[in-house]
Structure formats: C-alpha cells, structure tokens
Amino acid sequence: MPISSASQTSGTALRALADARGFSIGAAVQSGLIADEPVYAETLAREFNMVVAEWEMKMDPIERQRGVLDFTGADAIVAFAAANDMAVRGHALVWHGATPAWVERSNMTRDEAMAYLRTYIHTVVGRYRGRVMAWDVVNEGISDQGGMRRTVWYNLIGEDYIEMAFRWAHEADPDALLFYNDYAAEGMNSKSDAVYELVKGLLERGAPIHGVGLQMHVSLSDFGRFGWLSAEQIAQNIERLGALGLQVHITEMDVRGVSGAGTPELLEQQAQVYYDVLATCLQAEPCTALLTWGFTDRHTWIRPFFGPADAAPLPFDEGYQPKPAYDALAQALTEAGVSD
Ligand code: XIL
C-alpha cells in the first residue's frame, strides 16, 4: 500500500508499535553521543528496542594495539541497552574495513592467524555472552562481482576463515544468533546469489549460522521501477534465505538522495522507500528486525562518506524531529497488526 501524505499515526513511538508485534526495531549508536546529548539517548530509548554499535564493537577500536583490548565504548553501549531494556546486535567480528593496521602489517602464518582470530572471537563474544542476541560474524566477505572478497583474512587463512569464525563464535556463546552481513545483496542479483550459495554451503557443512543481514544502504535512485532494487526482489531474496531455515535482519538502513531539510517531494519519496522495506520485512516471516544506521541526520556516516548532497538519509532530522520517513515506519508497523 502506498503511504498517504496525510499519514498521521497515533503518535505512538516505533518501539511500542514494534514491541506489540514482537518485532525488533533498532538503530546504530555511538557511546559518546549517548553520554553527551541527552536528547540522543532519550530518543533512542523511546523509539527503539534494539541497538547496534556503529563503530565500537569492531576489531580496530577494540584492539588497535596488539594485545591491548579496549572495551570502553562497547561496554557503555551494552550497559545503555541493559538499562533501557533493549536488545543488542553485535557488529562485526570479522570485517576488512575495521581490521587494525597491525594485522595488515603482520606476517602471521596461517596457523598464527587462526590462533589469533580464534582467541579474539572467543574473548569478545565470551565477554558479552547472554547480552548480545545476534552477532554479525563476517561482514562483507563477498566481492561486488560475486566471488570471495580477497580480504586480509582471506589472504592469511584462506576461504574457510568464514566457517571457522562462525564455529568459534558459537563456541563462545551457543545461544547467540550468528549472521553473515553484506551490502548490495538485498535484492536478486549476482552478489545476493553468491551470498545465498555461501550460506547454503555453510549450512551443508553443519556450520552454526542462523541468519543473513541485508545492510540496505540505498539511495532514492536505486529503488523502485528504475533502480536495481525493488520490494519484490527483497521479498524474493528473504524468501529463499528463509527456505534454508535462516532469519533475515535489515541491518543498516539509510536512504540517500536527500540533503538538508529536503523538499516535500524528496522527503515523501524517501518515506516510501522506508515504508516499502519495512512492510516487506514485516510481511516475510523470516525477517525479524530492521535497524537504521544512526537515526538522526545530525549524526550520519553518509555525510563524510558520500558528501553533503546525501546527508539527510535517516528518519529523524538534525533537530531530532520525526521526518515523513518516521511516519512511514510507524505506518508499516501499525498496518502489520498486533501479534497474538
Ligand atoms: C561505518 C560507520 O558508520 C563509520 O562511522 C565508520 O567510520 C566506518 O564504518 N557497512 C558496515 C558498517 O557494515 O560497519 C559501516 O559503518 C558502514 C558500511
């Protein structure tokens, strides 16, 4: 159903709507902002029942210096979640984008790299055992062409680093849900085919994998009739992953193509994309969570990475006011009906 421009939901926070439906609605957060901006923390606790660390649970911030582990930021986020009765997604154990420089420079043998990674995963997952409900175990392991990405971990260990990482994470917390997470694999294309084959292979070998994360960093021009991605394709992809017995989380959603305060037309288009993705997820049984990457345009990675022309990708504006995208999320949740 298209969203109505007059869409006025009851004013109920997203969190309450999601709770009533047994659905997880979350956002990526930074511990410094939780501490420094009261409205940031208040909005989070009111609107979301799940958080994920935008940076602080990755390997580089945790072990920038070999052997010196720093859990300050990660601990603060997990404590904030506990204090506000929110679930935590852990992101991400193995990701080339946040591997410390010392790993890249090291001349570890395969055995040394395996021993290091095993200890690292055991330490981090073990520390948060019972407090992180799902981990992104491997992030972005498939290349844009659909083969294995030649990352530092691939080069050190070989392609079975992925399976090993899942097994080590499972040893450290047998109750945590373990996810493979990637971008540009949301719909039906050669990359999502490669992700499908990867996770199918892991399952066939008995590896403990429970879900696939679809990042969903999209732009207005990606989506709909003229783009590479559509709600129908996302539904199809979720369905085939679900048929393997896996869950799906939409893990990092933001929608580029809007800057500053936006125009009413662009804000409506952005709202429609949020609506379509959340409604698709809610209609698909395997899809159990949607998280946005940040939640306010005041703090978004899009500004430094993609520039000012895209810098208003989130459901709250720079002043923490809800945008049409927020109403669209509320509308999709409302229409989904209350679970029994
Ligand atoms: C990004 C953060 O948002 C940035 O602040 C950081 O500098 C780099 O990482 N895909 C992912 C996320 O899986 O971890 C990335 O997060 C954004 C792209």
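Residues numbered from 1 in each chain as written. Predicted model: local features only at pLDDT ≥ 70, side-chain atom pairs only at ≥ 80, totals over all residues. Heavy atoms only, no water.

Undergrad: How do you make sense of the overall build of the chain when you look at a structure like this?
TA: A tally of helices and strands in the chain yields 14 helices and nine strands. For the chain, whose C-alpha radius of gyration is 19 Å, the value lies close to the compact-globule estimate of 20 Å for 340 residues. The principal-axis extent of the C-alpha atoms belonging to the chain is close to 60 × 45 × 40 Å. Buried residues in the chain amount to 59% of all 340 residues. Restricting to contacts in the chain with at least 6 residues of sequence separation, those with at least 24 account for 77%. (Helix = DSSP H or I, 4+ residues; strand = E, 2+ residues; numbered from the N terminus. Rg over C-alpha atoms; globule rule 2.2 N^0.38 Å. Buried < 20%, exposed > 50% of the residue type's maximum accessible area, 1.4 Å probe, protein only. Contact = heavy atoms within 4.5 Å.)

Undergrad: I tried to follow the site of the ligand on my own but got confused; where do I start?
TA: What surrounds the ligand is a group of 13 residues, the closest being E54, K58, H91, N139 and E252. For the ligand, an oxygen atom lies 2.6 Å from a polar atom in the side chain of E54. Contact distances for the ligand include 2.7 Å between an oxygen atom and a side-chain N or O atom of H91. Considered on its own, the ligand offers 410 Å² of accessible surface; in the complex 84% of this is hidden by protein. Taken together, the residues of the shell around the ligand break down into five nonpolar, four polar and four charged. (Near = heavy atom within 4 Å. Polar contact = N/O pair within 3.5 Å; in protein donor to acceptor, adjacent residues only side chain to side chain. Areas by Shrake-Rupley, 256 points an atom, 1.4 Å probe, with all protein chains shown as cover. Nonpolar A, V, L, I, M, F, W, Y, C, P; charged D, E, K, R; others polar.)

Undergrad: Please explain the packing of aromatic side chains as it appears in this structure.
TA: Inspection of every chain in the model, using the stated rule, returns 11 aromatic pairs. For the pair F71 and Y128, a centre-to-centre distance of 6.1 Å together with 75° between the ring planes defines the contact as edge-to-face. Linking F71 in the loop between α4 (59-62) and α5 (72-83) with Y128 in the loop between α7 (110-127) and β4 (134-139), this pair joins segments that are 57 residues apart in sequence. Accessibility assignment for this pair places F71 and Y128 in one class, buried. Ring geometry for W301 versus F305: centroids 5.0 Å apart, planes at 50°, classification tilted. Three or more aromatic residues joined by ring pairs make a cluster, and in this case those are Y40, F48, F295, F316, Y320 and Y326. (Phe/Tyr/Trp six-rings, centres within 6.5 Å; stacked < 30°, edge-to-face > 60°.)

Undergrad: What's the story with helix α9 (residues 161-172) in this structure? I'm lost.
TA: Residues separated by three or four positions in an α-helix point in the same direction, a consequence of the helix having 3.6 residues per turn. Across its 12 residues, α9 extends 17 Å between first and last C-alpha, which sits within 8% of the 16 Å expected from 1.5 Å per residue. With nine of 12 residues buried, α9 lies mostly within the body of the structure. Taken together, the buried positions of α9 are occupied by Y161, I162, E163, M164, A165, F166, W168, A169 and A172. Contacts made by the buried residues of α9 are with β3 (87-94), α7, β4, α8 (152-157), β5 (177-182) and α10 (190-204). (Expected span 1.5 Å × (residues − 1).)

Undergrad: What am I meant to see in the nonpolar core here?
TA: Side chains that are nonpolar tend, in soluble globular proteins, to be buried together. Judged by nonpolar contacts, the single largest core of 113 residues is most densely connected at L44, I121, W135 and W153. Looking at which element gives the most residues to this core, the answer is helix α12 (residues 264-283), with nine residues. Sequence-distant contacts of I121, defined by excluding residues within four places in its chain, comprise L93, V94, G126, A165, W168, A169 and A172. The next biggest cluster of nonpolar side chains, apart from the first, holds eight residues, and it includes V52, A289, W293 and W301. (Core = buried A, V, L, I, M, F, W, Y, C linked by side-chain atoms within 4.5 Å.)

Undergrad: When you look at the environment of G262 in this model, what are you seeing that I'm missing?
TA: With respect to the element layout, G262 can be found in the loop between β8 (247-256) and α12. Once the C-alpha coordinates of G262 and P313 are considered, the two residues, 51 residues apart in sequence, prove to be 10.0 Å apart.

Undergrad: Would you take a moment to explain the pairing of β3 for this structure?
TA: The side chains of a regular strand alternate between the sheet's two faces. The buried fraction of β3 is high, at seven of eight residues. Of the pairings in the sheet, the one linking strand β2 (residues 50-53) to β3 comprises three bridges and is parallel in character. Considered in β3, the bridge of V51 is made with V88. Looking at chain direction, β3 and β4 are connected through four bridges and run parallel. Each residue of the ladder has a partner; that of G90, found in β4, is W135. (Pairing = 2+ DSSP bridges.)

Undergrad: Looking at this structure, how should I read the state of the cysteines?
TA: Covalent bonding between the sulfur atoms of two cysteines is what defines a disulfide. A full pass over the atoms with the stated rule returns one disulfide. Here C281 connects covalently by a disulfide to C287, the sulfurs 2.1 Å from one another. Across the S-S bond linking C281 and C287, the dihedral sits near -95°, which makes this disulfide left-handed. (Disulfide = S-S within 2.5 Å.)

Undergrad: Please explain the packing of α12 against helix α14 (residues 324-335) as it appears in this structure.
TA: Helix packing geometry: the angle between the two helix axes and the distance between the axes. Where α12 meets α14, the axes come as close as 8 Å, and the angle between the chain directions of the two elements is 25°. In this view, α12 runs roughly parallel relative to α14, as classed from their interaxial angle. Pair α12 / α14 crosses with right-handed handedness. Here L267, E268, A271, Y274, Y275, L278, A279 and L282 of α12 come into contact with α14, specifically with P324, A325, A328, L329, Q331, A332, L333 and E335. A per-class count over the contact of α12 with α14 returns 13 nonpolar, one polar and two charged. (Axes fitted to C-alpha atoms, helices over the stretch in contact; angles between N-to-C directions. Parallel < 35°, antiparallel > 145°, perpendicular 65-115°, else oblique. Left-handed = near helix turned anticlockwise from the far one by under 90°.)

Undergrad: Explain the pattern of salt bridges here, please?
TA: Where charged atoms of side chains with opposite charge meet at close range, the side chains can pair. Within the structure shown, the criterion is met by 16 salt bridges. Between K200 and E204 there is a salt bridge; the shortest N-O distance is 3.3 Å. Taken together, the residues K200 and E204, both in helix α10 and four residues apart, mark about one turn of the helix. The class of E204 is exposed, set by a relative accessible area of 60%. (Salt bridge = Lys/Arg side-chain N within 4 Å of Asp/Glu carboxyl O.)

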